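Observations on chain architecture
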Amino acid sequence: MNLQQSINELNRSRRHIIAGFAVAALLGLSALAFFLFNFLSGPTSVDSAADVYSQFARTRIFMVLIPIGLIICMIYAGLSYVKFKTIYKEILIRKPLADNFDNLQYEWANGFSMDTIKSIFPYTAPPQNYNCSEDLIKASYNGIPFEMSDVMVYFNAAGNNKYFLGRMMIIDLPDKLTNSVQIFSKTFTKNYNIPFMSDIEMDSVEFNREFLSKAGEPHDTFYLLTPHMMEHIQKLSMRFEGIAIHAFGNKIAFALRKGNTNSFDLKKWYKKISYQEELYNVYNEIEDIKSIISTICNLGSNPNNSQGNLMPGSFRISYRH
């Protein structure tokens, strides 16, 4: 299947999804109208026993056919969605990622586990929660390994209130070591009382107004948050609703809240898919990843830190399948 055939198949699958849900909605409205007409009006005194029995028989048939029709429509739409998503991820996402990053492993149906999220941001994860995560990317850029996933975390198992929707990204920095340092934009979180960590005031008044910085050792914060780094964090925060950063050991993690959209998914279902438009959106997401990694790569090494004086442990990374 060539590129144009893939785009045509995507649009065909998209129409099938819409048609499946549209027919299901019509069946649901028809069922509602039928029951309102037949049951709210009720039998009249002049109705014969045969009329009542005939109405009851039609109702039973209708009550059987409507659920069957709804199930068929939902299965049809669901299978069309699976086909659509598989083609979309493989054609419009995997290839641009492979063209821009080395050692790519892309598992679009998998993502970070809740244990991973809690190990990165233990004081922001709610005690009762549900994690939905996908678009797991493992790759390297300019020799820097990283992992990234779209993440959605709910306040409780019922999923009534979204807590976080965006992407989480973990970068390996083998030559840069630091004790735990956490930075939160004040649009991301409230002031957390994190044990063994103190609020750190940076030299930049503007940065302190926008971000909350915490660390066990102040010098770790000043090593990480160079003026160059703070400038790039401020620019990055302008593209997201809220950001959180945690550096620990030889890893640095980002949580980037991004409204109600996922990173590598179709933005407008109701529109015919344009390859150039979708590719433009995908490359914008890729440039965000490159920008974050490039910013981190500009950090200098820390001659005062060594493996011996680091806090024990780092992020525990596991995956949701």
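It should be emphasised that the depicted structure is a prediction, and the values quoted were computed from it without experimental measurement. (Residues numbered from 1 in each chain as written. Predicted model: local features only at pLDDT ≥ 70, side-chain atom pairs only at ≥ 80, totals over all residues. Heavy atoms only, no water.)

Side note on the overall build of the protein chain
For the record, the criterion: A run of DSSP states H or I qualifies as a helix once it reaches four residues; a run of E qualifies as a strand once it reaches two. Both are numbered from the N-terminal end. Accessibility here uses a 1.4 Å probe with only protein chains present; expressed as a share of the type maximum, an area under 20% marks a residue as buried, one over 50% as exposed, and anything in between as partly exposed. Two residues form a contact once any of their heavy atoms are found within 4.5 Å. Here the open area of atoms and residues is found with the Shrake-Rupley method and a 1.4 Å probe, where only the protein chains shown may cover a residue.
Looking only at helices and strands, the protein chain features 7 helices and 11 strands. When burial is assessed residue by residue, the protein chain has 47% of its 321 residues classed as buried. Contacts in the protein chain between residues far apart in sequence, at least 24 positions, make up 71% of those at least 6 positions apart. When the accessible surface of the protein chain is summed, it comes to about 16800 Å², and 59% of that surface belongs to carbon and sulfur atoms.

Digging into the side chain of asparagine 208
Filter applied, for reference: Two N or O atoms count as a polar contact when they lie within 3.5 Å, although within protein this holds only if one can serve as hydrogen donor and the other as acceptor, and sequence-adjacent residues are included solely when both atoms are side-chain atoms.
Structurally, the position occupied by asparagine 208 is in helix α4 (residues 205-210). Look at asparagine 208 and you get buried, because its relative accessible area is 13%. A polar atom in the side chain of asparagine 208 sits 2.8 Å from the backbone oxygen of methionine 202.

Focus: the packing of aromatic side chains
Note the following rule: The criterion for an aromatic pair is that two Phe, Tyr or Trp rings (for Trp, the six-membered ring) have centres within 6.5 Å, with stacked assigned to planes under 30 degrees apart, edge-to-face to planes over 60 apart and tilted to the rest.
This model, assessed by the stated rule, comprises 4 aromatic pairs. Judged by centre distance (5.2 Å) and plane angle (70°), the rings of phenylalanine 101 and phenylalanine 146 are edge-to-face. One end of the pair, phenylalanine 101, is in the loop between α2 (49-100) and β1 (102-107); the other, phenylalanine 146, is in strand β4 (residues 144-154), and 45 residues separate them in sequence. For the pair shown, phenylalanine 101 and phenylalanine 146 are each scored as buried. Consider the rings of phenylalanine 207 and phenylalanine 211, whose centres lie 4.6 Å apart with planes at 20°: the pair is stacked. Pairwise contacts between aromatic rings join Phe101, Tyr141 and Phe146 into one cluster.

Considering the pairing of strand β9 (residues 242-249)
Threshold: Whether two strands pair comes down to DSSP finding at least two bridges between them.
The buried count for β9 comes to 8 of 8 residues, which makes it a mostly enclosed element. With 5 bridges joining them, strand β6 (residues 178-185) and β9 adopt antiparallel strand pairing. Opposite valine 181, over in β9, you have alanine 247 as the bridge partner. The loop that links β9 with its antiparallel partner strand β10 (residues 251-257) comprises 1 residue.

What about helix α6 (residues 227-237)?
Heads up, the rule is: Here the arc refers to the set of directions running from the helix axis out to each C-beta atom.
Residues of α6 that are buried include every one of Met229, Met230, Ile233, Gln234, Leu236 and Ser237, and no others. All buried residues of α6 project into a common sector of 160° when viewed along the axis, lining one side.

Let's talk about the nonpolar core
So the rule is basically this: Nonpolar cores were defined as sets of buried Ala, Val, Leu, Ile, Met, Phe, Trp, Tyr and Cys residues, with membership established by side-chain atoms within 4.5 Å.
Among the nonpolar cores identified, the biggest contains 50 residues, and Phe146, Met169, Ile171, Ile252 and Phe254 are the most heavily contacted of them. Look past the residues within four positions of phenylalanine 254 in its chain and what remains in contact with it is Phe121, Arg167, Met168, Met169, Ile171, Leu236, Ala244, Ile245, Ile292 and Ile296. Core analysis: the next-biggest nonpolar cluster, separate from the first, contains 18 residues, Phe121, Tyr163, Phe164 and Ile170 among them.

Observations regarding the pairing of strand β8 (residues 211-215)
Of all 5 residues in β8, 5 are buried, a share of seventy percent or more. Of the two faces of β8, the one lined by Phe211, Ser213 and Ala215 and the one lined by Leu212 and Lys214 are each fully buried. In this structure, β6 lies alongside β8, joined through 5 bridges in antiparallel fashion. The partner of phenylalanine 184 across the bridge, within β8, is leucine 212. With 2 bridges connecting them, strand β7 (residues 198-199) and β8 associate as antiparallel partners. By the bridge assignment for β8, serine 198 is matched with alanine 215.

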